[in-house]
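Structure assessment
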Amino acid sequence: MSGKTHELEQVADPRKISAILESLRTAPRTYEELARDRRVGLERRMLQVYLNQYLPERGYKIEERKRGRQKEFAIAQEAIDEVASTEVALLALARGVLQGLFPIEGTLFEARKSAPVLAWAAGVPELTEHHHQVLLRWIRVASRTNLRAMMLNYRSANDLEARPRLVWPIGVSLREGRRVYLHAVEEPARPRGDTRNLALERVVYGPNGALWEAAAVHQVVPGWMRERRPRLDEFVRAPFGLVRATTEKMVTVRVRCSAQQRTYLEDRCWGPNQRSAPLPGGELELSFGPVALEEALGWCGQWWRGVTVVGDALLKAEWVKSLRERLSATTRDDADGASPRGP
């Protein structure tokens, strides 16, 4: 890369910062040694900017030393200590979130870390050993260069019993720190196949196990999957929800938040194209989307006492319908549990 190109570089490249730090953690380096590192890819003039400005701005104190007639650079000890304490804290946080969901035995997360941080997740499903084995094997299969068809013994929410499904594992996601989903393509003969988000806790151990390799006759990868391997982000509408919106069930969330709920909804990332505007009386109008209708209804349900749906005709109609059904169910429960009338 030429010096002229470096002069145009007004913003630090995170990859170059990581490369410089990785090199300096190994040993002190001179300008020439850093410049020879292909991962760094910087000439002396921009190296000076990174060492004197960009790294200190991100909290890394760089010490300048003498090595004969040359200058060498090293990460200051207090910066090393700070990074070490941060890593311990991150390990403690990760352990708190992952334990119970991912098998952490035998990994660097197994040992408890003494750190002033705490992490947990409510509503974590009870996963057994076979769930953990399925999870690990699923990740291995999804990581392979060549796609592989597998059989998964799975019971959906609408099924009374589990049944084997022919699936092509694509990846795994952890949602809100409490549910693990296996992402796959099912019925791949269709033009784009059926993308599936399968909850790990619904995988059932059966006569053939829980996850096993499909027969050779099923190992024919469809042409569309050979041309372009499905990506994990096609299965999930992060950060808002698990389900990607289809054209017929795609809505924009536009709600008016009460002054009491505004504190909990404001200044957070809820979805794509998010906008917010304060209203008289302390209320807030919030909008984002497009998102899947069912995900939008679930989100509104979390805040139903404090939000009013004011936009998107489809969402508004379905929201009113869901509130009426909730009220009707509550009324029936109250009637069934009412005390008998007195004389």
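Above this text you will find the structure in question.
Small disclaimer: the values here were computed from a predicted structure and weren't measured.

Cut-off values and rules
- Residues numbered from 1 in each chain as written.
- Predicted model: local features only at pLDDT ≥ 70, side-chain atom pairs only at ≥ 80, totals over all residues.
- Heavy atoms only, no water.
- Pairing = 2+ DSSP bridges.
- Helix = DSSP H or I, 4+ residues; strand = E, 2+ residues; numbered from the N terminus.
- Core = buried A, V, L, I, M, F, W, Y, C linked by side-chain atoms within 4.5 Å.
- Buried < 20%, exposed > 50% of the residue type's maximum accessible area, 1.4 Å probe, protein only.
- Contact = heavy atoms within 4.5 Å.
- Expected span 1.5 Å × (residues − 1).
- Bend = angle between axes of the 7 residues up to and from the residue.
- Axes fitted to C-alpha atoms, helices over the stretch in contact; angles between N-to-C directions.

1. Concerning the pairing of strand β3 (residues 70-75)
Summarising the sheet, strand β1 (residues 29-30) and β3 pair through 2 bridges and their orientation is antiparallel. Directly across from Arg 29, in β3, lies its bridge partner Phe 73. Sheet topology places strand β2 (residues 62-67) next to β3; 6 bridges connect them, and they run antiparallel. Residue Lys 66 lies in a different strand from β3, and its bridge partner there is Lys 71.

2. Some remarks on the nonpolar core
Grouped together as the largest cluster of nonpolar side chains are 35 residues, with contacts concentrated most on Val 134, Trp 138, Leu 152, Leu 182, Leu 198, Leu 200 and Val 203. Looking at this core, the elements that each hand over two or more residues are α6 (129-143), β4 (150-154), β5 (163-175), β6 (179-186), β7 (194-199), β8 (211-213) and α7 (223-227). Residues within four places of Trp 138 in sequence aside, it is in contact with Leu 152, Val 167, Pro 169, Ile 170, Gly 171, Val 172, Leu 182, His 183, Ala 184, Leu 198 and Leu 211. One finds Cys 257, Trp 270, Leu 284 and Val 291 within the second-largest nonpolar core, a separate group that totals 20 residues.

3. Re helix α4 (residues 44-57)
Across its 14 residues, α4 extends 19 Å between first and last C-alpha, which sits within 8% of the 20 Å expected from 1.5 Å per residue. Most pronounced at Tyr 50, the bend in α4 amounts to some 40°. Those residues of α4 lying buried are Met 46, Leu 47, Tyr 50, Leu 51, Tyr 54 and Leu 55. The first or second residue beyond α4 is Gly 59, which carries a positive phi of 90°.

4. Points about the sheet that holds β2
The strand order β1-β3-β2 describes an open sheet built from 3 strands, whose pairing is antiparallel. Taken across any chain shown, the strands that pair with only one partner, and hence form the sheet edges, are β1 and β2. Contacts from helix α2 (residues 14-26) reach β1, β2 and β3 within the one sheet, and its direction differs from that of β3 by about 100°.

In short, geometric facts, not functional conclusions.
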